[in-house]
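Chain by chain, the residues:
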Amino acid sequence: MQYAAPETTAEATRLLADSPGTARVLAGGTDLLVQMKFGGLAPDLLVDIKNIKGMRDVTPEDGGFRVGAAVSGAEMGEHKAMRALWPGVVEAVELIGSTQVQGRATMAGNLCNASPAADSVPAMVAANAIARIAGPDGERDCPVQDIPTAPGKTSLQKGEFITSIFFPARPDNASDAYLRFIPRTEMDIAVCSAGVSLTLDTNGTCTDARVSLGAVAATVLLVQDAANALIGSKLDDSALEALGAACSAACNPIDDKRGTIEFRRDVTAVLAKRAAKIAQSRAGERS
Amino acid sequence: MALDHDTKRDFKIIGTRPLRPDGIDKVTGRAQYGADQSAAGMLVAKMLRSPHAHAKILSIDTKAAEALSGVKAIITAADFGDMRKGEAMNVRDHIMARDRALYDGHGVAAVAAINEATAKAALALIKVEYEILPHVTEIADAMRPDAPVVNAGFVQENAPKGYSENVVSAHEFGHGDLAAGFAKADKIISRTLKTAATHQGYIEPHACLASMGPDGRGELWCCTQGQFYIRTLCAEILGIEESQLRVTASEIGGGFGGKTTAFIEPVALVLSRKAGHPVKMVMDREEVFKASGPTVSSEIDVKIGMTKDGRITAGQAELRYQGGAFPNMTNWLGAQCAFAAYDLEAVNAIGINILTNRPKQAAYRAPGAPMAIYAIEAVVDELCEELDLDPLDVRLKNAARKGTKSSYGPTFDEIGLVATLEAAKIHPHYAAPLGPNQARGLSCGFWFNFGGNTSVSLGINFDGTVGITEGNPDIGGSRASISMMAAEELGIPYDKVRTIVADTNSIGHNDVTDGSRVTFAVGLATIKAARAAIKEMCKRAAKMWGIDEDAVIWEDGYAKPAGQNAGEFEPLSLAKIARKSANTGGPIAGHHEVNADGAGVSFGVHLVDVEVDPETGFTKVLRYTVFQDAGKAIHPDYVEGQMQGGAVQGIGWALNEEYIYGADGKLQNAGFLDYRIPVASDLPKIDTVILEIPNPGHPYGVRGVGETSIVPPLAAISNAVSRAIGVRMDQLPMSPPRVLKAIKGAKG
Ligand SMILES: Cc1cc2nc3c(=O)[nH]c(=O)nc-3n(C[C@H](O)[C@H](O)[C@H](O)COP(=O)(O)OP(=O)(O)OC[C@H]3O[C@@H](n4cnc5c(N)ncnc54)[C@H](O)[C@@H]3O)c2cc1C
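Residues numbered from 1 in each chain as written. Chains lettered and ligands numbered in written order. Predicted model: local features only at pLDDT ≥ 70, side-chain atom pairs only at ≥ 80, totals over all residues. Heavy atoms only, no water.

1. Things to note about the overall build of chain A
Link 1 in the chain: Along the backbone of chain A there are 11 helices and 14 strands.
Link 2 in the chain: At 19 Å, chain A has a C-alpha radius of gyration in line with the 19 Å of a compact globule built from 287 residues.
Link 3 in the chain: On the principal axes, the C-alpha backbone points of chain A span a range of 55 × 45 × 35 Å.
Link 4 in the chain: Per-residue burial for chain A yields a buried fraction of 53% across its 287 residues. (Helix = DSSP H or I, 4+ residues; strand = E, 2+ residues; numbered from the N terminus. Rg over C-alpha atoms; globule rule 2.2 N^0.38 Å. Buried < 20%, exposed > 50% of the residue type's maximum accessible area, 1.4 Å probe, protein only.)

Right, dumping it as structure tokens:
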């Protein structure tokens, strides 16, 4: 096995593209190293991206933020302005693992590991975050929801990797929230989860919303019907009921050791409703 | 010796909280655990395990693996001795499959190689041909007359008829006229309750270093609760005499009963014998879950009758326990514990053991009792709810006390149940207000406590300090408690005494650290060993003074003349006598060997408040208080630690822990992600109230405290959750999907 720690994006893409065997990007390694130790994964090449310039920066851009692919959960958590703008995204990232894991784990790694239960992904999808991808043919941008294609699979091509994730600007009276259900209080994997991002007008009526669900299908779901249930409402009980029903209907979960289909359908609706209320109150505080 | 029957009541050291002797070693990493020993020329061992729940092994081809460079030995069941009965055979066959793999993870072959990578590569080269057989992992399925037979030949005479050969034994306890008892009841409730198999969840995986010499003599270093029992098992399995094998217990990273038997040690020894090198073997976590000894799962039918004013008129239970592919005694223990907390005129409990295609169960704190008492206490609580009675008053009304003929036969001596219940009743926790979706649950708990074979040796060093050699691995603070008891008895400061756990050649036999026996039995032997040393020191003082030995007494660390008639002499300190001992007859030591009786049963009561999220079924434990009779708390920190630890493990058992088998008979959650033990943030502070009702069988009144505390949490939490959601829960764990389903079911 080869290990490389290039200092430029170009060098990293070249290494990844030229590798004849299995090549893997190494960010925090909190998924990758576990898979190598216990899951039988044995890559021929590891390309550590942490030494590439800019990869660990959170940079303001067009009123939003561009988050480098190697920024850890702990670094995100300490970024006050990012937290103020996208609190739901930051809270989702901060749910990952423990203090130790937070010191390493990245959002891009969470995304590219392509687990349907990844915590930051529903929040990023609700935020309409855009991943910037470097590859042998240059750079391209891609909405986060189009990166994972199936459990463990992404749409990235050979030689490509994510260099940053962009979170756009948003009006003052807008906010987001993310909730997951786990049987314990931490160090666990989401049985189901929901991210809600919304914008209110001055009357408190919802003018825009994005609702995403995790761990209830092969990839994270962006549920338009659920967003529609909120838009035009003040998140009264009937709007929340409609939101919940839309989420339950959109779920396509499996029965497994972590939860039944019935449980996931029911609790997804509960989480979406609760997340919507939290996002609403946060949006109110920002206006 | 007159001192023998003294029951001490005024203590100087007992009841204080000195620093633990193993603390610094453990936090600095100096402590040597199972995997921390190495030897020159050491090989690394790995096991090949069955991927099937039940399969005939048609052939094992090890040729390609043997040819791999760096592979030094490969063994299968054929390399083990051929003994054909007894527990050692069961242990051997649980470790390594003979002609059939009996559970997912059952060992099939083992490799010793120059390093782990080579050993793993060799495993991949071993070809095993299996013929898959029908399997059975659940109790009801295994009992059916036409069920696949898991392991033939274990059916005992007392096994109930009409079932498959998997139903191997039954033990019945009780007294009185059940029909007459139930006829007196105003309300009778019958229910079937189920508990899942759980794992002890010790953090340190099994690990050992084995070395067999060409002369047939062996050394074994391993992580165990009982080096003497490991020696017995390994010697039998290897067909050698016990004197040929020395076993040293490492420092231990948790055991809870799960390290009372062997899982890897015989394999490492046989590999070492074959390879002619020392062999180190360490289980990974998946192996620990699949191929060590989880606890039994259970299905329990309970029927209890009660009068309107809360008197239990009769109680009956049938307890069905599966503990894997080999027989066990948990049914015998569980049936005895079920109704132990109550003074009953009519009671009957029968415990049945059923074999399944799962790993062989091992002890887990109070084996058999948590499930049994969960079932009984859940039904008692339901009766209290139905009859609108205070659940603590009902327990008090029916509580066993001194003179009660227990449900399992013996008549109780001094016991602490009533005092424990009364302490709970006046505690502020019992009266604290509750909010919406919150409720309070409680349960009694019981454990027998064991005594058993014990040897202790105590040496008085020439400089006046004391060394104690004992043979029970310290899993709960016993080294501190033993040093404290010796210091108390000798009248010297605690820090003058050092206690070590010795190997099998350095002290007489000691039974396993189990049954909450160590502080009781080793403590008792230590006190007697100290008294023997005191007797000798009095003799030396008499010699130094030139008076009669009977004219010397021992007080607060000094030999003194017994009275004016004995003469006027300056008292002699222990240190002074020690310094002169070479000239007064040689080194001074005391020792004591005993098969200790009179362990003294222990009762506890747990109070718990929970809040259940009605929309998700999530249970949050808000407040928890443990009340337990310790007889005498030698080192209260450790006693509280045992009480808290039992409560926490019980919370895990009640809420999330569970062995989950798929339809294919394979274990689906062999890791700490999906086998959910509680994490720190799941728990409130566990409050403790120690009661001290002295055990007449111990000089200081000690009762074991290590096991009773895991018994009440299951029912206490189940009762609290049931009251919070208004539906009686009858199955553990009460994972959120199960609770939410119950809530929805009640809404219709
Ligand atoms: C104890 C523990 C607890 C955990 N708890 C949680 C949890 O609560 N919630 C949760 O969602 N996850 C959890 N995880 C999983 C893991 O920590 C997260 O998925 C984390 O975000 C992964 O980030 P990383 O930087 O460590 O990724 P890595 O392990 O470095 O990489 C993960 C995968 O993504 C690829 N990759 C990484 N970066 C890039 C990139 N820039 N471009 C392309 N491909 C890339 C890698 O090649 C690899 O396949 C936990 C893990 C552990 C060990």
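2. Structural notes on the overall build of chain B
Link 1 in the chain: Assigned secondary structure in chain B consists of 20 helices and 26 strands.
Link 2 in the chain: The C-alpha radius of gyration of chain B comes to 27 Å, within 12% of the 27 Å expected for a compact globule of 748 residues.
Link 3 in the chain: Dimensions of chain B along its principal axes, counting C-alpha atoms only, are 90 × 75 × 50 Å.
Link 4 in the chain: Burial analysis of chain B (748 residues in total) assigns 63% to the buried set.
Link 5 in the chain: Carbon together with sulfur atoms contributes 51% to the accessible area of chain B, which is approximately 26,800 Å² in total.
Link 6 in the chain: In chain B, the 75 positive side-chain charges and the 88 negative ones have mean positions that sit 2 Å from each other. (Areas by Shrake-Rupley, 256 points an atom, 1.4 Å probe, with all protein chains shown as cover. Lys, Arg positive; Asp, Glu negative; His and termini not counted. Charge placed at Lys NZ, Arg CZ, Asp CG, Glu CD.)

3. Concerning the packing of aromatic side chains
Link 1 in the chain: Counting across every chain of the model gives 20 aromatic pairs over all chains.
Link 2 in the chain: For the ring pair A:Trp86 and A:Phe167, a centre distance of 6.4 Å and an interplane angle of 50 degrees mean the geometry is tilted. Of this pair, A:Trp86 sits in the loop between helix 4 (80-85) and helix 5 (87-94) while A:Phe167 is found in strand 10 (residues 161-167), placing the two residues 81 residues apart along the sequence. The pair formed by A:Trp86 and A:Phe167 is uniform in burial state, with each residue classed as buried.
Link 3 in the chain: Here B:Tyr364 and B:Trp653 contribute two aromatic rings whose centre-to-centre distance is 5.3 Å and whose plane-to-plane angle is 5 degrees, an arrangement assigned as stacked. You can see B:Tyr364 sitting in the loop between strand 15 (347-354) and helix 11 (369-387) and its partner B:Trp653 sitting in helix 18 (residues 636-655), a full 289 residues away along the chain.
Link 4 in the chain: Relative accessible area serves as the criterion here: at 1%, B:Tyr364 is assigned to the buried category.
Link 5 in the chain: Among the aromatic residues, those joined into a ring-pair cluster are B:Tyr408, B:Phe412, B:Phe446, B:Trp447, B:Phe448, B:Phe450 and B:Phe603.
Link 6 in the chain: When the ring centre of A:Trp86 is taken as reference, the NZ or CZ atom of A:Arg170 above it lies at 3.6 Å.
Link 7 in the chain: Sitting above the plane of the B:Phe182 ring, B:Lys303 keeps its charged end 4.3 Å from the centroid. (Phe/Tyr/Trp six-rings, centres within 6.5 Å; stacked < 30°, edge-to-face > 60°. Lys NZ or Arg CZ within 6 Å of the ring centre and 35° of its normal.)

4. As for the interface of chain A and chain B
Link 1 in the chain: Taken together, the contact between chain A and chain B spans 19 residues of the former and 21 residues of the latter.
Link 2 in the chain: Sorting the residues of chain A by area buried against chain B places A:Pro183, A:Arg184 and A:Lys257 first, and these three jointly supply 34% of that buried surface.
Link 3 in the chain: At the junction of chain A with chain B, the criterion picks out 7 salt bridges.
Link 4 in the chain: Connecting chain A to chain B are 12 residue pairs in polar contact (both at pLDDT 80 or more). (Contact = heavy atoms within 4.5 Å. Buried area = accessible area lost by both parts, 1.4 Å probe. Salt bridge = Lys/Arg side-chain N within 4 Å of Asp/Glu carboxyl O. Polar contact = N/O pair within 3.5 Å; in protein donor to acceptor, adjacent residues only side chain to side chain.)

5. Quick notes on the site of the ligand
Residues and elements named next belong to chain A.
Link 1 in the chain: Near the ligand you find 30 residues, and of these Val25, Thr30, Asp31, Thr106 and Asp119 are the closest.
Link 2 in the chain: A distance of 2.8 Å separates an oxygen atom of the ligand from a polar atom in the side chain of Asn110.
Link 3 in the chain: Contact with the protein chains hides 87% of the accessible area of the ligand, taken as 980 Å² for the molecule alone.
Link 4 in the chain: It is helix 7 (residues 107-112) that provides the largest number of residues to the shell around the ligand, a total of 4 residues. (Near = heavy atom within 4 Å.)

6. Notes on the nonpolar core
Residue and element names in this part refer to chain B.
Link 1 in the chain: Counting residues in each nonpolar core, the largest one holds 100 residues, and the members touching the most others are Ile376 and Phe446.
Link 2 in the chain: Here this core gets 13 residues from one element, more than from any other, and that element is helix 11.
Link 3 in the chain: The contact partners of Ile376, leaving out residues within four places of it in the chain, are Val302, Ile304, Ala317, Ala338, Phe339 and Tyr342. (Core = buried A, V, L, I, M, F, W, Y, C linked by side-chain atoms within 4.5 Å.)

7. A word on the packing of helix 15 (residues 478-490) of chain B against helix 16 (residues 518-545) of chain B
Residues and elements named next belong to chain B.
Link 1 in the chain: With their axes 9 Å apart at the nearest point, helix 15 and helix 16 run at an angle of 30 degrees to one another. Relative to helix 16, helix 15 is oriented roughly parallel. Helix 16 is crossed by helix 15, and the crossing has right-handed handedness. Along the contact surface, helix 15 presents Ser478, Ser481, Ile482, Met485, Ala486, Glu489 and Leu490, while helix 16 presents Val518, Thr519, Val522, Gly523, Thr526, Ile527, Ala530, Arg531, Ile534 and Met537.
Link 2 in the chain: For the contact of helix 15 with helix 16, the per-class residue count stands at 10 nonpolar, 5 polar and 2 charged. (Axes fitted to C-alpha atoms, helices over the stretch in contact; angles between N-to-C directions. Parallel < 35°, antiparallel > 145°, perpendicular 65-115°, else oblique. Left-handed = near helix turned anticlockwise from the far one by under 90°. Nonpolar A, V, L, I, M, F, W, Y, C, P; charged D, E, K, R; others polar.)

8. Looking at the domain arrangement of chain A
Residue and element names in this part refer to chain A.
Link 1 in the chain: Examined at the domain level, chain A breaks down into domain 1 (2-41 + 58-167) and domain 2 (174-286).
Link 2 in the chain: The gap between the C-alpha centroids of domain 1 and domain 2 is 23 Å.
Link 3 in the chain: Across the boundary between the two partners, domain 1 contributes 26 residues, which contact 24 residues of domain 2.
Link 4 in the chain: Summing both sides of the interface, domain 1 and domain 2 together bury roughly 2,000 Å²; the carbon and sulfur share of this comes to 57%.
Link 5 in the chain: Three residues stand out in domain 1 for area buried against domain 2, namely Pro116, Pro122 and Ala126, and they jointly supply 26% of the buried area on that side. (Domains from an automatic or database assignment.)

9. Thoughts on the pattern of salt bridges
Link 1 in the chain: Enumeration over the complete set of coordinates arrives at 74 salt bridges over all chains.
Link 2 in the chain: Between B:Glu555 and B:Lys560 there is a salt bridge, and its shortest N-O distance comes to 3.0 Å.
Link 3 in the chain: The exposure class of B:Glu555 is partly exposed, given its relative accessible area of 37%.
Link 4 in the chain: Beyond isolated ion pairs, a larger network of salt bridges with shared partners links A:Arg184, A:Asp188, A:Lys257, A:Arg258, B:Asp674 and B:Arg676.

10. Details of helix 17 (residues 574-584) of chain B
Residues and elements named next belong to chain B.
Link 1 in the chain: Buried within helix 17 are the following residues: Leu574, Ile577, Ala578, Ser581 and Thr584. The buried residues of helix 17 occupy an angular sector of 120 degrees when projected down its axis, which confines them to one face. Of the exposed residues in helix 17, the ones pointing more than 90 degrees away from its buried face are Arg579 and Asn583.
Link 2 in the chain: One or two steps after helix 17, the chain reaches Gly585, where phi turns positive at roughly 140 degrees. (Arc of directions from axis to C-beta.)

11. Here we look at the state of the cysteines
One covalent bond between the sulfur atoms of two cysteine residues makes up a disulfide.
Link 1 in the chain: Throughout the structure, instances matching the rule amount to 0 disulfides over all chains.
Link 2 in the chain: Looking at the unpaired B:Cys223, the closest cysteine sulfur is the one in B:Cys222, lying at 7.5 Å. (Disulfide = S-S within 2.5 Å.)

12. Some remarks on the sheet that holds strand 1 (residues 2-4) of chain A
All names here are of chain A.
Link 1 in the chain: A sheet is described by the order of its strands in space; here 3 strands give the open sequence 1-3-2, paired in parallel fashion. One side of each edge strand has no neighbouring strand; the edge strands of this open sheet are strand 1 and strand 2 (23-26). Averaged over all pairs of adjacent strands, the angle between strand axes in this sheet comes to 20 degrees, irrespective of strand direction.
Link 2 in the chain: Pairing of strand 1 with strand 3 (residues 45-48), which is carried by 3 bridges, proceeds in the parallel orientation. (Pairing = 2+ DSSP bridges.)

13. A short note on the sheet that holds strand 19 (residues 497-501) of chain B
Residues and elements named next belong to chain B.
Link 1 in the chain: Strand order in the open sheet made by the 4 strands is 19-18-17-23, with mixed pairing throughout. In this open sheet, the two edge strands, each paired with only one partner strand, are strand 19 and strand 23 (588-596). Going from strand to strand, the sheet's axes swing by 15 degrees on average, the running direction of each strand aside.
Link 2 in the chain: Bridge count for strand 17 (residues 452-460) against strand 23 is 9 bridges, and the pairing is antiparallel. Bridge pairing links Gly452 to Ala596 in strand 23.

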